[in-house]
Amino acid sequence: MKKTLLLLTFFTLAIGGFVFSQELNSNGNIHGNFSFEGQYYITDSAINAYEVKEKILSNSFLNLIYTNGNFTSGIRYEAYLGPMKGYDDAYAGNGLPYRFATYKKDELEVTVGNFYDQFGNGLIFRSYEEKTLGIDNAMDGIRVKFTPVNGITLKGIVGNQRIYWAKSAGVLRGIDGEFALNDLCSRMKDSKTKIILGGSAISKYQKDKPTSKYKLPVNVAAFAGRFDISRGRFALQGEYAYKINDPSALNNYIFKPGEALFLSGSYSQKGLGVIVAAKRIDNMNFRTDRDMIGNPLTISYLPSITKQHTYSLAALYPYSTQPNGEMGFFGQVEYMFKKGSKLGGKYGTDASVNFSRINNIKKESPGAGIAMDSAGTMGYKSEFFAFGDELYFQDFNLEVTHKFNKHWKAIFSYLNLIYNISIIENHEGPLIYANVGIADVTYKFNEKNAVRVELQNLMSKQDKGDWFTGLVEYTIAPKWFFSVMDQYNYGNEDFEKRFHYYMAALGYTKGSNRIALQYGRQREGIVCVGGICRAVPASNGFQISITSSF
Amino acid sequence: MKYIGSIFFIALLIGYFFVSCDKIEEPFLRNNIPDTGDTGTATVKRKILIEDYTGHKCPNCPFAAEVAKTIHEEHPDQVVVMAVHAGSFATPDASGNFTYDFRTPEGNQLNGDFGLGAAYPIGLISRITSAPGRWDVQYTKWAETVDTLLNDVATVKLTLTNNYVEANRTSNVTVKTDFLTDIEQNCFLCVYLTEDSIIKPQKKQNLTILDYIHMHVLRKSFNGTYGTQLNSAAGAAGATFTNSFSMNLSTDWVDKNCNIVVYVFREDTKEILQVETVKVK
C-alpha cells in the first residue's frame, strides 16, 4: 500500500506540475476496481470463428482512486494483450492511459488530467467510457466547476480526446451552465413546480487540410439549451442542439448545419407509470476529427429512445442511432395489478407495454440542379417536423411479471420488430420482420437455491430465419451460479447453417470478488448500448472473467 | 431572481470568448485550387490505392477481394487495387491444392513493416493512418475510408509511358512526376507489376474453390520495395522528375494480363499521394 501511495503522490505532482496547498487529513483512503477478461480461442470455421494466432486474448484494467478530504486523484492501468475479438486492434498494448487529480476549494472544483463529463443529455458533448463497446473518448485537459450560489453550476472544459493509446489532434473547448430556479428565486422556493434550465456551448478546433478542395471550417461550434420541469406526478424534459457547418466523412462533406431535439414527458403514481418521448436528429455527427468514421472521437452523444432489450433473441436486432438523420417517438405504460385483484393474484402483477418507431427525415434537394447529399453543397433541405417515408426501426413489446407463490415467479414477453438492415448494418438486405416470444420462469426451492429457465423463440422469414434459445440456470445464493444455454438457428434457409450455439458457464461470487468461467460458441452479431453499436465476430472457446473491487 | 439575468449575461459573454466557430459562406469550393497551367491540374484527381493483403489459404479473403472489386467498379478512374499475397495464409503447402507460391520479397517486406501479420484479410488505403502509428484498415471499412479521400485534390501528377517489347518480353516504363503543391518531405516513387486473372485454388470459408480467379496479384517491383527517391528535401510545386525503368517478364506471367502500378509516397507519414496504372500490353 505504501508503494501505491508513493506512486499516486508522485503522479499527482508529476501530471500537472502545479502547486497548491491543502490540508490533508489522516483519513485518506484508496479504493478501486479490477477486471480481467480472457478467452482461449478454438477455431470453428463452420460459424466463421477463424484461427486466432495468439490462442489467448485478454482485456483487463485496474482503477485506483485516492481520496483525502477535498482532494481526489486516480490512475487506470489497462492491458489488451492482444485485444479480444471484436475490439479494435489499435487497443493492443498496455499502459496508464488515464490519470487525474481533483481538488475542491469553496465554490471551485478543479480537475486536471483525464475526466469524463457531459453537458445536458450529451447532445453536443459527452465524454464517456463503455467497455462493452470498446469506446473510451476520455478528455485529457482541464475542467473547472464553479458554484457561485446555491442553484447555479457553471462548468468549463478544455482538452483533447482519447483515441486508443493516443490523443486527438483536435482540441475541444466548452462551457455549460445549469440554473435551478427554485433555489435562485425566493418566490419559487416553496413552489410545487420545479424548474431547471441549462445551456451549453462547445467548439472544436482541427487544423485545415490543404489537400481538401473545400473551404473547411477549422473551428466548429455547437450550442444547446435544455429544460427540466416537474410538478407532482408530472415531469417534462427537453433539449435542443444546433451545430454549425461541419463537413465530414460521415455526412459526405456537406455544409448544412446540424440540429437535434429530444423531448420527453412522464407521469407516475403508485401502480402506474407513463413515459412518452420524441426526437429528431439531423446531421449531428460531431467529432474531433472530421475524417473519422466508426466509434472513435465522437463529441456528441445521440441516445436511442428505443427500449434496450436484455434477452438474447430480443436483442438480436438492436437499433443503432443514425447521426445523419432520424425521427422517432417512444411510448411506454407500466401498470401494476394490485395484490388481491383478479389479475394481480396474491402478490400483484406488473405489466408493461412499449412502442417505438424511427423513420428517416424528409429531405429535398438544396437547390435547382444540385443532387441531394452532394459533397461541397448544403446537402439538402429538410422540414423540421416532417417524417420521411423510410422506416428504420419499429418495436412493439409487452412484458408481464407475475409471482404465483413463494416458489414460482415468471416473466412473459412478446416483441414485434421491424428492422431495416440496410440502414442499421449498412449492407443490403430486406426489411426484417420478427416476432419474439419469451418465457422466463424461476422456481425457488428455498432461500438459497433457485433454478431459472429461459425459453425464447424468434420467428422471421428474413435474414437467418427462426431462432430458439433455451437456458437453465441454477443459483446457490449468494455465492454460486451454473448455467447451460443453447441458441439454435433452426429456421435458417441454408440447412448447413442451422447451427447450435451452446454455452456452459459457472460463477463464484464472494463479497466484491467474482470469478466466472464459460465455455462455448458465440454467434456473430451486434452489441448495442444506448444506440451505439459494435459488431462482434463469432468465436468459440473458454472464457474467464474476474472482477473485484475494494 | 434579480441576478439571474446578470449571470446569464456573464455566461453568454464567457461563452462568446470561449467558443469560436467559423461559418463558411458559399461557394464552399476553395478558389485557390491550381486549375490552370502547364500541368493541367484541372483534370488531375487524387487516385487511391487499395492494398489487399491476402493469401490463398485465408478463408475470409475472398470477401475482401469482393469489397475491393465493388469499390473499384464504383470509382474505376480513381481507385487502383493491388493484392499482396503474404503471411502464413500465403505459405504454400508441400502437396495438395495450395502448392503455388504467390509470395514476393516485396510483399513479405511490406507485410512485416506495416505489422499486418495478425489477421487477414487486412488492407492499406493509400497508406493513410487508421490510428496513431497504424495503417491497417479492416476490409469492412475500406469503402468508408476510400470515401474520405475521393474529394481530395491531387498533390502529385503521374504520367506513364509504357513500351513493351514482345520479342524479349521486356516492359519499359517512363514515369513523369509533377509536384502540384509544395510537399516539404522526402518522396519516393515505386513501380510495381501486377497480374490479373490467375486461376488457382483459393479457400473461401470452409470450401476450396479450385478455379478461383486471382486479380491484381503483386508480382514484382521494378525498383525495389520502397522505390526511388525523387527529391532530397522538398518537392516544391512545379518540380518535375522523369524516371525510366525496365523489367523482363517471367515466363510464368501472362503479359496481356499484366499491369504496371506506379505510386508516390511521403517518407514521413508513408502516405501514398498519388497512384497510376497502365496495362503492360
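Residues numbered from 1 in each chain as written. Chains lettered and ligands numbered in written order. Predicted model: local features only at pLDDT ≥ 70, side-chain atom pairs only at ≥ 80, totals over all residues. Heavy atoms only, no water.

A word on empty space enclosed by the protein. Tallied over the entire structure, the rule returns 2 cavities of 30 Å³ or more. A volume near 40 Å³ is recorded for the largest cavity. Considering the residues around the largest cavity, the lining is formed by K209, S212, K213, Y214 and Y253 of chain A together with T148, N151 and D152 of chain B. Split by residue class, the lining of the largest cavity holds 2 nonpolar, 3 polar and 3 charged. In this structure, the second largest cavity encloses a volume near 40 Å³. Considering the residues around the second largest cavity, the lining is formed by Q39, M503, Q518, G520, Q522, S539, G541 and Q543 of chain A. Elements represented by at least two residues in the lining of the second largest cavity include exactly β28 (513-522) and β31 (539-549) of chain A. Considering only residue class, the lining of the second largest cavity consists of 1 nonpolar, 7 polar and no charged. (1 Å grid on protein atoms, 1.4 Å probe; cavity = no way out; pocket = protein on both sides within 12 Å on 5 of 7 lines; lining within 4 Å. Points joined across faces, edges and corners; volume = space filled by probe spheres on them. Nonpolar A, V, L, I, M, F, W, Y, C, P; charged D, E, K, R; others polar. Helix = DSSP H or I, 4+ residues; strand = E, 2+ residues; numbered from the N terminus.)

Quick look at the interface of chain A and chain B now. Facing the 51 residues of chain A at the interface are 41 residues of chain B. Summed over both sides, the interface of chain A with chain B buries roughly 4200 Å², with 62% coming from carbon and sulfur. Elements supplying a minimum of two residues to the side of chain A that touches chain B: β11 (152-163), β13 (171-180), α2 (181-184), β14 (193-205) and β15 (219-231) of chain A. Grouping the constituent residues of the side of chain A that touches chain B by class yields 29 nonpolar, 12 polar and 10 charged. (Contact = heavy atoms within 4.5 Å. Buried area = accessible area lost by both parts, 1.4 Å probe.)

Time to look at the state of the cysteines. Counted according to the given criterion, the structure contains 1 disulfide over all chains. No disulfide involves C258 of chain B; its sulfur sits 18 Å from that of C190 of chain B, the nearest cysteine. (Disulfide = S-S within 2.5 Å.)

Residue and element names in this part refer to chain A. Tallying each qualifying case throughout the model produces 38 aromatic pairs over all chains. Between the aromatic rings of F329 and F355, the centroid separation amounts to 6.1 Å while the plane-to-plane angle is 45 degrees, which identifies the pairing as tilted. Here F329 is found in strand β19 (residues 325-337), whereas its partner F355 is found in strand β20 (residues 349-361), with 26 residues between them in sequence. A centroid spacing of 6.0 Å and a plane angle of 45 degrees characterise the contact between Y488 and Y490, whose relative ring orientation is tilted. (Phe/Tyr/Trp six-rings, centres within 6.5 Å; stacked < 30°, edge-to-face > 60°.)

Residues and elements named next belong to chain A. Domain annotation for chain A reports domain 1 (1-102) and domain 2 (106-270 + 277-303). Once you take the C-alpha centre of each, domain 1 and domain 2 turn out to be 26 Å apart. Buried surface at the junction of domain 1 and domain 2, both sides included, amounts to about 1600 Å², of which 53% is carbon and sulfur. Per-residue buried area on domain 1 facing domain 2 is highest for Y91, Y98 and T102; these three make up 34% of the total on that side. (Domains from an automatic or database assignment.)

On to the confidence of the model for chain B. This prediction gives chain B a mean pLDDT of 85; 86% of its residues lie at or above 70. Counting contacts from residues 32-41 of chain B, a segment whose pLDDT is below 50, to residues more than four positions away or on other chains yields 11 contacts. (pLDDT = per-residue confidence, 0-100.)

Taken over all residues, the pLDDT of chain A has a mean of 90, while the share at 70 or more is 95%. Below pLDDT 50 for its whole length, residues 1-22 of chain A participates in 30 contacts with residues either more than four positions away or in separate chains.

This part is about the sheet that holds strand β6 (residues 170-179) of chain B. Hydrogen bonding along the main chain pairs the strands of a sheet, whether they run parallel or antiparallel. Residue and element names in this part refer to chain B. Read across the sheet, 3 strands follow the order β5-β6-β12 without closing on themselves; strand pairing throughout is antiparallel. Across the chains shown, the open sheet's two edge strands, defined by having one partner strand only, are β5 (156-165) and β12 (240-248). Adjacent strand axes in the sheet meet at a mean angle of 15 degrees when their direction is disregarded. As paired strands, β5 and β6 are joined by 10 bridges and run antiparallel to one another. Counted as the bridge partner of L160 is V175 from β6. (Pairing = 2+ DSSP bridges. Axes fitted to C-alpha atoms, helices over the stretch in contact; angles between N-to-C directions.)

Residues and elements named next belong to chain B. Those residues of helix α3 (residues 105-113) that sit buried are E106, G107, L110 and N111. Looking down the long axis of α3, one finds its buried residues gathered within 130 degrees of arc, a one-sided arrangement. Packed against the buried residues of α3 are β1 (48-54), β2 (79-85), β7 (187-195) and β10 (217-221). (Buried < 20%, exposed > 50% of the residue type's maximum accessible area, 1.4 Å probe, protein only. Arc of directions from axis to C-beta.)

I124, F125, I202, Y317, F393 and L458 of chain A are the most contacted members of the largest nonpolar core, which has 50 residues in total. Elements that contribute at least two residues to this core include exactly β15, β17 (258-269), β18 (272-282), β21 (387-403), β22 (408-420), α3 (421-424) and β23 (431-444) of chain A. Residues in contact with I124 of chain A, not counting those within four places in the same chain, are F119, S200, A201, I202, A222, F223, A224, A241, M284, F286, I299 and S300 of chain A. In this structure, Y53, Y120, L124 and V275 of chain B belong to the second largest nonpolar core, which totals 25 residues. (Core = buried A, V, L, I, M, F, W, Y, C linked by side-chain atoms within 4.5 Å.)

Here we come to the pattern of salt bridges. All names here are of chain A. All told, the structure shown has 38 salt bridges over all chains when counted by the stated rule. A salt bridge links D246 to K204; the nearest nitrogen and oxygen atoms lie 3.5 Å apart. Residue D246 is located in the loop between β16 (234-243) and β17, and its partner K204 is located in strand β14; the two are separated by 42 residues in the primary sequence. By relative accessible area, which is 4% here, D246 ends up buried. Of the residues examined, K204 reaches a relative accessible area of 2% and is grouped as buried. Ionic pairing is found between K279 and E326, a salt bridge with its closest N-O pair at 2.3 Å. Of this pair, K279 sits in strand β18 while E326 is found in strand β19, placing the two residues 47 residues apart along the sequence. A relative accessible area of 4% places K279 in the buried class. Here the salt bridges share partners, and the residues they tie into one network are R76, E78, E129, K131, D136 and R162. (Salt bridge = Lys/Arg side-chain N within 4 Å of Asp/Glu carboxyl O.)

A separate point is the pairing of β15 of chain A. Residue and element names in this part refer to chain A. For β14 and β15, the ladder comprises 13 bridges, and the chain directions are antiparallel. For A201, the partnering residue across the bridge sits in β15 and is F223. As paired elements, β15 and β16 share 10 bridges and run antiparallel to each other. Counterpart to F227 in the pairing with β16 is G238. Taking the residues between adjacent antiparallel strands as the criterion, β15 and β16 are bridged by 2 residues, where G232 takes a positive phi near 60 degrees.

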